[in-house]
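# Descriptive structure summary
This is what each chain is made of:
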Amino acid sequence: MQNNREIVKCLFSDQISSDKPEHILWQNAEAVYLTKTWSNLKVDKSRHAEARLVWNKQSLFVRFEASQTEPPIINSTIDKTRKAIGLWEKDVCEIFIAPNVAEPEKYFEFEVAPTGEWIDLAIAWSPEKRETDWNYRSNMKVAAEILENKIILTMEIPWTAFGRVPNIGDIWAGNLFRCVGEGETRDYLAWQPTLTAAPNFHVPTAFGKIEFVGQ
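An account of the accompanying structure is given in this report. (Residues numbered from 1 in each chain as written. Predicted model: local features only at pLDDT ≥ 70, side-chain atom pairs only at ≥ 80, totals over all residues. Heavy atoms only, no water.)

Let us look at the nonpolar core. The biggest cluster of nonpolar side chains holds 38 residues, and the ones touching the most others in it are Leu-60, Phe-110, Met-155, Phe-162 and Leu-176. The contact partners of Leu-176, leaving out residues within four places of it in the chain, are Val-32, Leu-34, Ala-51, Leu-53, Val-62, Phe-64, Glu-94, Ile-95, Leu-189, Ala-190 and Trp-191. Membership of the second largest hydrophobic core comes to 17 residues, among which are Trp-38, Val-92, Ala-173 and Cys-179. (Core = buried A, V, L, I, M, F, W, Y, C linked by side-chain atoms within 4.5 Å. Buried < 20%, exposed > 50% of the residue type's maximum accessible area, 1.4 Å probe, protein only. Contact = heavy atoms within 4.5 Å.)

The structure is reproduced here in structure tokens:
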């Protein structure tokens, strides 16, 4: 059954790691299915994705598994040593997270591409403007693997990136996304639809909730 609820459970595990995307423990985590666009329209199965969240006392782990039956849209020059500014224009999976559920307008953006490129940003949002800290550094680790008809992308984000460590039962706010394709056939998938006139993920009022649970 697909998780279309506004809350997803982030499972505690002290055995998980971002460089083992096939670890059996990932299957114990609740899946979030990305099957619709930001405007809540259905997307072809060939572009569907799912995400699972796991945590331990050191880091948050995010794993995306996405259908990829078409050539990925990627940068011509790859540099994984620094932020890939503009990565959101390519094929990419993303998570936005607000540690304080009462202040969802203060959140962090993390992206990973099939090439293993990445970007991390700290954002303060208001209806009038969006302020982005381009110098923010989370020290996140990412891994990417292109397989037959699918891609697997993982992130490991240390809690120092958020300035706090959650406890079991804590609830944070956030959303999960996938961008795939290009031009008029490009799709912008969202766990929680933002329902804006044009594609826009930066809508903290649409964030769902992330609940940190034990094993």
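On to the side chain of Glu-156. Summarising the element assignment, Glu-156 is placed in strand 10 (residues 150–158). Although Glu-156 is buried, it makes no salt bridge; Lys-141 carries the closest opposite charge, 4.8 Å away. In this structure the side chain of Glu-156 is engaged in a polar contact, spanning 3.4 Å, whose partner is the side chain of Ser-59. (Helix = DSSP H or I, 4+ residues; strand = E, 2+ residues; numbered from the N terminus. Lys, Arg positive; Asp, Glu negative; His and termini not counted. Salt bridge = Lys/Arg side-chain N within 4 Å of Asp/Glu carboxyl O. Polar contact = N/O pair within 3.5 Å; in protein donor to acceptor, adjacent residues only side chain to side chain.)

This part is about the pairing of strand 1 (residues 7–12). Taken together, the 5 bridges between strand 1 and strand 13 (residues 208–213) define a ladder with parallel strand orientation. Following the sheet pairing, Val-8 is matched in strand 13 by Ile-210. The pairing of strand 1 with strand 3 (residues 49–55) spans 2 bridges and is parallel. Opposite Leu-11, over in strand 3, you have Val-54 as the bridge partner. (Pairing = 2+ DSSP bridges.)

On to the layout of surface pockets, then. The calculated volume of the largest pocket comes to roughly 290 Å³. Along the walls of the largest pocket sit 17 residues, with Trp-88, Glu-94, Glu-109, Phe-201 and His-202 positioned nearest its centre. Residue composition of the lining of the largest pocket, grouped by class: 8 nonpolar, 3 polar and 6 charged. (1 Å grid on protein atoms, 1.4 Å probe; cavity = no way out; pocket = protein on both sides within 12 Å on 5 of 7 lines; lining within 4 Å. Points joined across faces, edges and corners; volume = space filled by probe spheres on them. Nonpolar A, V, L, I, M, F, W, Y, C, P; charged D, E, K, R; others polar.)

Enumeration over the complete set of coordinates arrives at 10 salt bridges. Across the salt bridge formed by Arg-47 and Asp-187, the nearest N and O atoms sit 3.0 Å from each other. Highlighted residues: Arg-47 in the loop between strand 2 (31–34) and strand 3 and Asp-187 in strand 12 (residues 187–190), separated in sequence by 140 residues. Pair check on accessibility: Arg-47 and Asp-187 agree, each one buried. As a salt-bridge pair, Lys-83 and Asp-120 come within 2.4 Å of each other at their nearest N and O atoms. Taken as a pair, Lys-83 in the loop between strand 4 (59–67) and strand 5 (92–98) and Asp-120 in strand 7 (residues 118–125) lie far apart in primary sequence, 37 residues in all. Classification of Lys-83 by relative accessible area gives buried; the value is 17%. Here the residues in one salt-bridge network are Arg-47, Glu-70 and Asp-187, joined through shared partners.

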